[in-house]
Amino acid sequence: MSAEFGGRTGRQGRLSQWLRGRRPKQAADEGCRETLLLAAAEAGLPLAPAAHPAAGYGCSCDRVGCPTPARHPVSFAWQTQSTTDRAQIERWARHQPQANFITATGMVHDVLDVPLDAGREALTRLLDAGVEVGPVAESDDGRMLFFTLTRGTPEDEDEWWPCELDCHPETMDEHPGLRWHCRGSYVLVPPARLPGDDGRSVHWVRGPEHPLPDPLSLLEVLTDSCARHVGEQSDHAGAAWPLRS
């Protein structure tokens with residue numbers, strides 16, 4: 001997937017070219033985890049350590065029945081702990097060799113998080129239209145993450161989309177399936193391992209060397225693709241379970 005999309009722009013950096021030639025799991029296994037984390041930090045993404053998968057579908061944290069195994073920070077102070085400091089990230093990476101990392105949103109960047117099929121369609125449309133798309137990651141649990149500039153804190157609060165979109169996307173008819181990670185939220189940053197025995201991961205489709213775009217330049221295409229995706233799911237469900245009069 002990364003090879004197909006990456007070739008469309010013709011302006012890939014060395015990191016993206018390197019990523020296209022390797023499977024995400026192989027890259028992490030070959031000792032390149034730290035390189036990828038430092039590349040994200042150098043691009044301005046503030047990082048903090050996160051939990052990692054335990055046996056089966058478990059989580060490394062000590063919470064019984066963790067609702068988000070391997071997908072959450074290890075510290076309650078993750079917002080103040082998040083940093084781009086190279087030396088600190090190197091210490092974390094070396095002292096916690098199994099840890100995933102999160103990046104805190106709403107500080108430098110936001111993340112538009114959409115269903116994978118909708119995201120792939122949107123990415124193709126955006127690149128074909130010549131729209132500047134920033135870093136993009138895929139999560140093997142069925143999501144695609146578009147990294148953008150943060151909107152900050154607009155003077156007019158009516159112009160602010162809160163993380164309510166992240167908490168309850170199914171209630172937002174105007175943005176079906178879209179989660180907008182902004183103030184007070186976070187996402188896993190590649191390379192990250194997901195629970196299970198099938199080698200699932202979060203990995204870059206477009207690397208962090210791409211400049212962060214304005215989120216509004218992507219929003220229309222993303223929401224349209226999400227609406228199309230939800231409509232197709234409804235059509236398939238209706239065909240599988242026809243209503244009886």
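The notes below deal with the structure included here. Worth saying up front: this structure is predicted, and the values here are computed from it rather than measured.

**Considerations on the sheet that holds strand S2 (residues 100–104)**
Right, on to step 1. Sheet architecture is open: three strands sit in the order S1-S2-S7, paired in antiparallel fashion. Two strands bound the open sheet, and with one partner strand each, they are strand S1 (47–50) and strand S7 (186–189). On average, each strand axis in the sheet is tilted by 40° relative to the strand beside it, whichever way the strands run.
Right, on to step 2. Pairing geometry for S1 and S2, over four bridges, is antiparallel.

**Overview of unusual backbone geometry**
Working note: non-glycine residues mostly have negative phi, and peptide bonds are mostly trans.
Right, on to step 1. Each neighbour pair has its own omega, and for Pro190 with Pro191 the value is -5°, a cis peptide bond.
Right, on to step 2. Phi angles above zero are rare outside glycine, and Ala70 is one such case at about 65°.
Right, on to step 3. Along the chain, Ala70 falls in the loop between S1 and helix H4 (78–81).
Right, on to step 4. Owing to a relative accessible area of 0%, Ala70 belongs among the buried residues under this scheme.

**Comments concerning the pattern of salt bridges**
Right, on to step 1. This model, assessed by the stated rule, comprises twelve salt bridges.
Right, on to step 2. Salt-bridge contacts for Glu34 lead to Arg94; the nearest nitrogen and oxygen are separated by 2.8 Å. Here Arg94 lies in helix H5 (residues 86–95) and Glu34 lies in helix H3 (residues 24–42), a separation of 60 residues in the sequence.
Right, on to step 3. Under the relative-accessibility criterion, Glu34 is labelled buried at 19%.
Right, on to step 4. Where Asp113 meets Arg179, a salt bridge forms, and the shortest distance between an N and an O atom there is 4.0 Å. Here the residue Asp113 occupies a position in strand S3 (residues 109–115), and Arg179 occupies one in strand S6 (residues 179–181), the gap between them amounting to 66 residues.
Right, on to step 5. With relative accessibility at 28%, the residue Arg179 sits in the partly exposed group.

**Focus: the packing of aromatic side chains**
Right, on to step 1. This structure, assessed with the given rule, holds three aromatic pairs.
Right, on to step 2. Note on Trp78 and Tyr186: the rings are 4.9 Å apart at their centroids and 75° apart in plane angle, and the pair reads as edge-to-face. Linking Trp78 in helix H4 with Tyr186 in strand S7, this pair joins segments that are 108 residues apart in sequence.
Right, on to step 3. The exposure class assigned to Trp78 is buried, which follows from its relative accessible area of 11%.
Right, on to step 4. Judged by its relative accessible area of 24%, Tyr186 is partly exposed.
Right, on to step 5. Between Phe147 and Trp204, the ring centres sit 5.2 Å apart and the planes meet at 55°, which makes this aromatic pair tilted. Residue Phe147 is located in strand S5 (residues 143–149), and its partner Trp204 is located in strand S9 (residues 201–206); the two are separated by 57 residues in the primary sequence. Trp204 shares its class with Phe147; the two are buried.

The rules we used
- Residues numbered from 1 in each chain as written.
- Predicted model: local features only at pLDDT ≥ 70, side-chain atom pairs only at ≥ 80, totals over all residues.
- Heavy atoms only, no water.
- Pairing = 2+ DSSP bridges.
- Helix = DSSP H or I, 4+ residues; strand = E, 2+ residues; numbered from the N terminus.
- Axes fitted to C-alpha atoms, helices over the stretch in contact; angles between N-to-C directions.
- Buried < 20%, exposed > 50% of the residue type's maximum accessible area, 1.4 Å probe, protein only.
- Salt bridge = Lys/Arg side-chain N within 4 Å of Asp/Glu carboxyl O.
- Phe/Tyr/Trp six-rings, centres within 6.5 Å; stacked < 30°, edge-to-face > 60°.

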